[in-house]
Amino acid sequence: EAVQLRRMSISQWEKELAQHRGKYVVVDTWATWCVPCREEFPKLVALHRKYKDRGVVVMSVSIDEPKDEPRALEFLRRQEADFPNFLLSYEDWTERWNIKGIPIVLLFDKEGKLLKRFDRDDPDKQFTYEDVDRYLAKLLGS
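Keep in mind it's a predicted model, so treat the numbers as computed, not measured. (Residues numbered from 1 in each chain as written. Predicted model: local features only at pLDDT ≥ 70, side-chain atom pairs only at ≥ 80, totals over all residues. Heavy atoms only, no water.)

1. Some details on the pattern of salt bridges
A side chain with one charge can pair with a side chain of the opposite charge if their charged atoms come near.
So, step 1. By the definition in use, this model includes 11 salt bridges.
So, step 2. A salt bridge links Arg 6 to Glu 16, with the shortest nitrogen-to-oxygen separation between them at 2.7 Å. Here Arg 6 is found in strand E1 (residues 6-7), whereas its partner Glu 16 is found in helix H1 (residues 10-18), with 10 residues between them in sequence.
So, step 3. Overall, the relative accessible area of 34% leaves Arg 6 in the partly exposed class.
So, step 4. Among the ionic pairs, Lys 43 bridges to Glu 40, the shortest N-O distance being 3.4 Å. Of this pair, Lys 43 and Glu 40 both sit in helix H2 (residues 35-51), three residues apart, which is roughly one turn of that helix. (Salt bridge = Lys/Arg side-chain N within 4 Å of Asp/Glu carboxyl O. Helix = DSSP H or I, 4+ residues; strand = E, 2+ residues; numbered from the N terminus. Buried < 20%, exposed > 50% of the residue type's maximum accessible area, 1.4 Å probe, protein only.)

Shown next as C-alpha cells:
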C-alpha cells in the first residue's frame, strides 16, 4: 500500500474512525516541526507492524499547516508509514480532544470510544511508545 496523507476535517476523520469498529485504533498526533514526534515515529510504525494482523489499526494525524503537507508526506514516506495518515486542522483537532501538546497517542476501543490517552501533559508522567505497546499487549491478552 502506497503511503498517503489525506487532508480532511475533524468530522470527516470521525467517519473514518467509525469504519474501524470492531478493532482497537491507535492514533498518533504529530507534526514535522515536533522533534520528539519525529524521533518517536519509527516506534509507531513498529507498533503497526506488530499488531496490524491482531485487530489493531494504527493511524497518524498530522497537525502541520496545509502548506507543509508535502514535507509531512515526504516524512511519512521515509518512515514507510503504510497505514492511514491524515492532515487535520490544528485548532479543530486539539480542541476536540483537549490536546495541550504533542506527541500524544489516543487509543480507541472497538466501539470507537476513547479508551486511553498517552500524553506528556504531566511533567512527572511522560509516556513512551513502550507504554502503548504494553497496554495493547494486555488488551489483546498477550
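2. Quick notes on the environment of Cys 37
So, step 1. Mapped onto the fold, Cys 37 is located in helix H2.
So, step 2. With a relative accessible area of 2%, Cys 37 lands in the buried category.
So, step 3. In contact with Cys 37, not counting residues within four places along its chain, are Thr 29, Trp 30, Ala 31, Ile 102 and Pro 103. (Contact = heavy atoms within 4.5 Å.)

3. Brief notes about the state of the cysteines
So, step 1. Using the criterion set out here, one finds one disulfide in the structure.
So, step 2. A sulfur-sulfur distance of 2.3 Å marks the disulfide that ties Cys 34 to Cys 37. Its S-S torsion of about 75° marks the bond between Cys 34 and Cys 37 as right-handed, since a negative value means left-handed. Each member of the pair, Cys 34 together with Cys 37, is buried. (Disulfide = S-S within 2.5 Å.)

4. Description of the side chain of Ser 60
So, step 1. By the element assignment, Ser 60 lies in strand E3 (residues 56-62).
So, step 2. Within the structure, the side chain of Ser 60 is placed 3.1 Å from the side chain of Trp 30, a separation counted as a polar contact.
So, step 3. Setting aside its immediate chain neighbours within four residues, Ser 60 contacts Asp 28, Trp 30, Phe 41, Leu 44, Leu 76, Phe 83, Pro 84, Asn 85 and Phe 86. (Polar contact = N/O pair within 3.5 Å; in protein donor to acceptor, adjacent residues only side chain to side chain.)

5. Quick word on the nonpolar core
Nonpolar side chains tend to gather and get buried jointly when the protein is soluble and globular.
So, step 1. Trp 13, Val 26, Val 27, Phe 41 and Trp 93 are the most contacted members of the largest nonpolar core, which totals 49 residues.
So, step 2. Mapped by element, the contributors of at least two residues to this core are H1, strand E2 (24-30), H2, E3, helix H3 (69-79), strand E4 (85-87), strand E5 (104-108) and helix H5 (129-139).
So, step 3. Ranked by the residues each element gives to this core, the list is headed by H2, at six residues.
So, step 4. Here Trp 93 is in contact with Ile 10, Trp 13, Val 27, Thr 29, Val 61, Ile 63, Leu 88, Ile 99 and Leu 106, once residues within four sequence places are set aside. (Core = buried A, V, L, I, M, F, W, Y, C linked by side-chain atoms within 4.5 Å.)

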